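Per-entry structural report
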Amino acid sequence: MPTKNTLIFIALLLVISFSSTFFIIRSNDHKECGTLIKSDMDKNKNQIAKKEHLCKEKYSF
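No experiment lies behind these values; they were computed from the predicted model shown.

**Regarding the overall build of the protein**
Looking only at helices and strands, the protein features 1 helix and 2 strands. Along the protein, from the amino end to the carboxyl end, the secondary structure elements read α-β-β. For the protein, with 61 residues in total, the buried portion stands at 3%. Long-range pairs, those at least 24 residues apart, make up 23% of the contacts in the protein between residues at least 6 apart in sequence.

As structure tokens, this is what we get:
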């Protein structure tokens, strides 16, 4: 059976993990990001539209 200190450590670890994940999700607002739409023609003269997600952020979560 786990001791009281072990249970407190596990509970604290879960709280820190949950709050870190919540902070990352809430702070990732993508205000600097945009969508670029490129249109090209293929071999059969059909128009193809490609969407690219452009971000200035180095890391995206």
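And the narrative resumes.
**Some details on the pattern of salt bridges**
Per the stated rule, a full pass over the model turns up 1 salt bridge. Of the charged contacts, one joins Lys38 and Glu52 as a salt bridge, the two residues approaching to 3.3 Å between their closest N and O atoms. Placement of the pair is Lys38 in strand E1 (residues 34-41) and Glu52 in strand E2 (residues 47-54), with a sequence separation of 14 residues. On the basis of relative accessibility, which here comes to 32%, the residue Glu52 falls in the partly exposed class.

**What to know about the pairing of E2**
Taking burial as the measure, the 8 residues of E2 include 0 buried ones, a minor fraction of the element. Bridge analysis of E1 against E2 gives 8 bridges, and the strand direction is antiparallel. When the bridges of E2 are listed, Asp40 appears paired with Ile48. Connecting E1 to the antiparallel partner E2 that follows it, the hairpin turn spans 5 residues, and Lys45 within it adopts a positive phi of roughly 65°.

**A word on a nonpolar patch on the surface**
On the surface, a cluster of nonpolar side chains totalling about 420 Å² of accessible area is made up of Phe9, Ile10, Leu13 and Leu14. If you trace the backbone, Leu13 turns up in helix H1 (residues 4-27).

**What to know about unusual backbone geometry**
Positive phi, close to 65°, is recorded for Lys45, a residue that is not glycine. Inspection of the secondary structure assignment puts Lys45 in the loop between E1 and E2. Lys45 gets classed as exposed once you look at its relative accessible area, which sits at 66%.

The rules behind the values
Residues numbered from 1 in each chain as written. Predicted model: local features only at pLDDT ≥ 70, side-chain atom pairs only at ≥ 80, totals over all residues. Heavy atoms only, no water. Helix = DSSP H or I, 4+ residues; strand = E, 2+ residues; numbered from the N terminus. Buried < 20%, exposed > 50% of the residue type's maximum accessible area, 1.4 Å probe, protein only. Contact = heavy atoms within 4.5 Å. Salt bridge = Lys/Arg side-chain N within 4 Å of Asp/Glu carboxyl O. Pairing = 2+ DSSP bridges. Patch = residues over 30% accessible without salt bridge, like charges linked within 9 Å, V, L, I, M, F, W, Y side chains within 5 Å. Areas by Shrake-Rupley, 256 points an atom, 1.4 Å probe, with all protein chains shown as cover.

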